[in-house]
Amino acid sequence: MNIGELVLVAIESIKSNRLRSFLTTLGIVIGIAAVIAVVGIGQGGRAMLMQEMEKFGTNLFGIWVNYQEGETMRPGDLQMTDITIIKEKVPQVKYLAPATYEKMQLRGEKGQKSVQIIGTNADYAQIRNLKTRWGRFIRSDDAAAGRRVIVLDEKTAQNLFGSGNPVGKRVMLMNNSAVVVGVIKNDSSTLGFSSQQIAYLPWSFLTRLTDRDIIHEFQGSAVSKEEVEPAMNLSKKILERRHNSPDHYFAYSMEQEMEAANKVTGIMTLIIGCIAGISLLVGGIGVMNIMLVSVTERTREIGIRMALGARRRDILVQFIIESIVLCLLGGLIGIILGYGGAMLIARLAKWPPLVSWWTIVVAFIFSMAVGLFFGIYPANQASKLDPIEALRRD
Amino acid sequence: MIKINNLSKTYSTGSFTVPALRGISLEIARGEFVAITGASGSGKSTLMNLLGLLDRPSAGSYILDGIDVSGLNDDEYARLRNRKIGFVFQAFNLLPRLTALKNVELPMLYAGVGLTERRTRAMEELTRLGLKERIHHFPSELSGGQNQRVAIARALANDPAIVLADEPTGALDSQTGVEIMSIFQELNRNGTTIVLVTHELDIACHSQRIIRLEDGLLISDEKVTAPLDAGKEMRSPAEQGDVQ
Ligand SMILES: Nc1ncnc2c1ncn2[C@@H]1O[C@H](COP(=O)(O)OP(=O)(O)O)[C@@H](O)[C@H]1O
Ligand SMILES: [Mg+2]
């Protein structure tokens, strides 16, 4: 008797008791559906997170002052000359910009708004991947010429001037005025990172306004992904040497952040995957239980088949295949449900649905393995029956 | 065809043992139609199970179609059952969830016969037994007599050397019983060796030879001088069966 025939026999027997077969395999259906959905959602979520983080700029790194407890911020820890020197000496650094953060009240023709101010230079737009809606970003000659210019983001521009192009108009800030030279597009981040309203000033202009010569942070980008580590480490080393203060600086990169985020989503997927795996195990035990009941119920059938010439092996294989086919059907339904669930959630959360083909293949093989594993014991019981005993049973 | 020598079977249930067969020797030739009779508990079914290779004797030898079966393993037993023996049971023992056709196909399935040949042969067998219109029916949709005819078709599927029937008429009314006997007689006329177990003498009288058991011993072995003709019996009463 070949496998094809045995599969047909198994399908026949599963078909003849549809409801019970379905209930038997329900555990597998739920287990597989959960696995597919969880893995799909996890992968989709991760892809979206990566996508969001890319928006901050690629190959990004930053350097802070690593203040010890009780230390106060000292002007001069990060200096504009440091930037010039780092850019000169570290070829891996493509862009490097200062960033000084202040909160300020801005006033325009149509309204006022308290926004985050970043004092920086021309490189910042490249590093953070900023796109202009109107006008331009800060240019390197702004600082040299001592220009009192400001770049707004779209929302702030709207608050201060209403809709329309505000380039050339004046903004009042700290009893001074600045000319709007550009407006930055607000990108539609689903993670909500960019919900903050920001205006950009040339760094030198900001220090003149606040009368505080301080840089909170350097932000830079490396020439390539591979050069991020050396770029930030070499920059850090130069700072340490120039300021003669080892361990005074702290460098971070977007790559590291991504890896950390990746690790978190990976662990989440693993945990939920384990729970789903346990439900599969429980499903498998359910299948074994029903298969054992089925063997008892069908003792007479087994006796008849043996009388007609079925070998013990034929009976064994018949019940194992029945268990495998049952679990495969459950797995198939589970794959469809899980895939649907992942798609649905991806659509609701607006992230790319990702159920990779290997997830489906693994789910398929796994449900088959569950069927095999939990079918062996009942099938073995069936094949060990004594034909006469089995025939006498009713 | 069959040669048994001093065959005995003892069942042990817990502490005590039951001797079901106590040394039986007999020979059955090709083409014979033998009835084994005896009171209930005399060992008929035990003997049948041994002849049908469903069970192993406690002692004695059994040669089936020239093969000494004593040294064979379970798989070889299964193979011999499949190829050489056709069973007909009192309770029909059809698989309830399979159609008549599929039931008849079963022995061929285990013999490795391909699907189309299996189907054709099962169809032929069922047609021969007057069940052409019933091939797609399930056992629950058929009468007792029809079910037993499906079982006979199944027993014949692999063209066995011998048909073993244990009380095949036990679950049927007497008229249907006679119908079944006429089928056996017809098969026997065409050369099939038949061993029939029955405790009813009027059924046994359709055979050519009656073997009587008592308490696991063979007490008589007689030729039937004038076997009853089931075909004639069916025709003489007013109504006729639907057997050709
Ligand atoms: N599996 C068994 N275990 C114990 N005793 C059995 C078993 N099968 C049959 N017997 C005993 O063997 C004897 C013969 O039984 P059996 O061959 O079924 O008789 P018959 O078919 O002639 O009625 C009886 O006494 C019966 O009780
Ligand atoms: Mg009996």
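To be clear, the structure that these remarks concern was listed above.
Described in the following lines is the structure provided in the data block. (Residues numbered from 1 in each chain as written. Chains lettered and ligands numbered in written order. Predicted model: local features only at pLDDT ≥ 70, side-chain atom pairs only at ≥ 80, totals over all residues. Heavy atoms only, no water.)

**Brief notes about the overall build of chain A**
Then, number 1: What chain A contains, in helices and strands, is 13 helices and 10 strands.
Then, number 2: Over its C-alpha atoms chain A spans a radius of gyration of 34 Å, topping by over 25% the 21 Å that the globule rule assigns to 394 residues.
Then, number 3: Along the longest, intermediate and shortest principal axes, the C-alpha atoms of chain A span 105 × 50 × 35 Å.
Then, number 4: By sequence separation, contacts in chain A at least 24 residues apart represent 80% of the contacts at least 6 residues apart.
Then, number 5: Surface accessibility of chain A: about 19400 Å² in total, with carbon and sulfur atoms responsible for 60%.
Then, number 6: With 43 positive and 35 negative side-chain charges, chain A shows a separation of 6 Å between the mean positions of the two kinds. (Helix = DSSP H or I, 4+ residues; strand = E, 2+ residues; numbered from the N terminus. Rg over C-alpha atoms; globule rule 2.2 N^0.38 Å. Contact = heavy atoms within 4.5 Å. Areas by Shrake-Rupley, 256 points an atom, 1.4 Å probe, with all protein chains shown as cover. Lys, Arg positive; Asp, Glu negative; His and termini not counted. Charge placed at Lys NZ, Arg CZ, Asp CG, Glu CD.)

**Re the site of ligand 1**
Then, number 1: Taken together, A:R392, B:Y11, B:T13, B:A20, B:A39, B:S40, B:G41, B:S42, B:G43, B:K44, B:S45 and B:T46 make up the full set of residues near ligand 1.
Then, number 2: Nearby residues place ligand 1 at the junction of chains A and B.
Then, number 3: A:R392 is positioned with one of its side-chain polar atoms (N or O) 2.9 Å from a nitrogen atom of ligand 1.
Then, number 4: A distance of 3.1 Å is found between an oxygen atom of ligand 1 and a backbone nitrogen or oxygen belonging to B:G43.
Then, number 5: For ligand 1, whose free accessible area comes to 560 Å², the fraction covered by protein is 70%.
Then, number 6: Those elements that place two or more of their residues in the shell around ligand 1 are β1 (2–13) and α1 (44–51) of chain B.
Then, number 7: The element contributing the most residues to the shell around ligand 1 is α1(B), with 3 residues.
Then, number 8: Here the residues of the shell around ligand 1 sort into 3 nonpolar, 7 polar and 2 charged. (Near = heavy atom within 4 Å. Polar contact = N/O pair within 3.5 Å; in protein donor to acceptor, adjacent residues only side chain to side chain. Nonpolar A, V, L, I, M, F, W, Y, C, P; charged D, E, K, R; others polar.)

**Side note on the sheet that holds strand β5 (residues 67–68) of chain B**
All names here are of chain B.
Then, number 1: One open sheet holds the 4 strands; their spatial order is β2-β1-β4-β5, and the pairing between them is antiparallel. Unpaired on one side and paired on the other, β2 (16–28) and β5 mark the two borders of the sheet.
Then, number 2: Bridge count for β1 against β2 is 10 bridges, and the pairing is antiparallel. Residue pairing for β2: T13 is matched across the bridge by F16.
Then, number 3: With respect to the sheet, α1 is in contact with β1, β2 and β4 (59–64), its orientation differing from that of β1 by roughly 120 degrees. (Pairing = 2+ DSSP bridges. Axes fitted to C-alpha atoms, helices over the stretch in contact; angles between N-to-C directions.)

**Remarks on helix α5 (residues 144–156) of chain B**
One turn of the α-helix equals 3.6 residues, which is why residues spaced by three or four share an orientation.
Then, number 1: With 13 residues, α5(B) should cover 18 Å at 1.5 Å per step; its first-to-last C-alpha distance of 18 Å lies within 8% of that length.
Then, number 2: Counting buried positions over the 13 residues of α5(B) gives 12, a clear majority of the element.
Then, number 3: Those residues of α5(B) lying buried are B:G145, B:Q146, B:N147, B:Q148, B:R149, B:V150, B:A151, B:I152, B:A153, B:R154, B:A155 and B:L156.
Then, number 4: Where the residues of α5(B) are buried, they touch α10 (299–307) of chain A together with β6 (85–89), α3 (100–110), α4 (115–128), β7 (162–166) and α6 (174–189) of chain B. (Expected span 1.5 Å × (residues − 1). Buried < 20%, exposed > 50% of the residue type's maximum accessible area, 1.4 Å probe, protein only.)

**Quick word on helix α9 (residues 254–297) of chain A**
Residues and elements named next belong to chain A.
Then, number 1: Here α9 contains 44 residues, and its C-alpha end-to-end distance of 63 Å stays within 8% of the 64 Å for a straight helix at 1.5 Å per residue.
Then, number 2: Those residues of α9 that fall on the buried side of the exposure criterion are M254, M258, A261, T265, A276, L280, G283, G284, V287, M291, S294 and V295.
Then, number 3: Structurally, α9 contributes buried residues whose contacts are with α2 (18–55), β1 (60–65), β10 (249–253), α10, α11 (312–349) and α12 (357–383).

**With respect to unusual backbone geometry**
Then, number 1: Despite not being glycine, A:D247 shows a phi value in the positive range, around 60 degrees.
Then, number 2: Mapped onto the fold, A:D247 is located in the loop between α8 (228–243) and β10.
Then, number 3: Notably, B:L53 is not glycine yet its phi reads approximately 60 degrees, a positive angle.
Then, number 4: With respect to the helices and strands, the residue B:L53 is situated in the loop between α1 and β4.

**Side note on the pattern of salt bridges**
Then, number 1: Within this structure, the stated rule accounts for 30 salt bridges over all chains.
Then, number 2: A:R392 is the partner of A:E389 in a salt bridge, and the nearest nitrogen-oxygen pair spans 3.7 Å. Placement of both A:E389 and A:R392 in helix α13 (residues 387–392) is noted, with a separation of 3 residues, approximately one turn of the helix.
Then, number 3: Overall, A:E389 belongs to the partly exposed group, its relative accessible area being 42%.
Then, number 4: Note that B:R189 and B:E186 form a salt bridge whose closest N and O atoms lie 3.4 Å from each other. You can see B:R189 and its partner B:E186 sitting in helix α6, 3 residues apart, about one turn around the helix.
Then, number 5: Judged by its relative accessible area of 38%, B:E186 is partly exposed.
Then, number 6: A single network of salt bridges, built from pairs that share partners, joins A:R136, A:R139, A:D141, A:D142 and A:R147. (Salt bridge = Lys/Arg side-chain N within 4 Å of Asp/Glu carboxyl O.)

**Digging into the nonpolar core**
Then, number 1: Judged by nonpolar contacts, the single largest core of 74 residues is most densely connected at B:I2, B:I4, B:L47 and B:Y62.
Then, number 2: The element that contributes the greatest number of residues to this core is α11(A), accounting for 11 residues.
Then, number 3: B:A35, B:F92, B:A151 and B:I210 belong to the second-largest nonpolar core, a separate cluster that totals 40 residues. (Core = buried A, V, L, I, M, F, W, Y, C linked by side-chain atoms within 4.5 Å.)

**What to know about the interface of chain B and chain A**
Then, number 1: Each partner contributes to the interface: chain B provides 24 residues, whereas chain A provides 24 residues.
Then, number 2: Taken over both partners, the interface formed by chain B and chain A buries close to 2200 Å², and the fraction arising from carbon and sulfur atoms is 57%.
Then, number 3: On the chain B side of the contact with chain A, B:L54, B:R97 and B:Y110 bury the most area, a combined 31% of that side's loss.
Then, number 4: Close ionic contact of A:E12 with B:K102 constitutes a salt bridge, the shortest N to O distance being 3.2 Å.
Then, number 5: Across the chain B-chain A interface, the total number found is 7 residue pairs in polar contact (both at pLDDT 80 or more).
Then, number 6: Counting only elements with at least two residues in the side of chain B that touches chain A, the list comes to α2 (74–84), β6 and α3 of chain B.
Then, number 7: A class-by-class count of the residues in the side of chain B that touches chain A yields 13 nonpolar, 3 polar and 8 charged. (Buried area = accessible area lost by both parts, 1.4 Å probe.)

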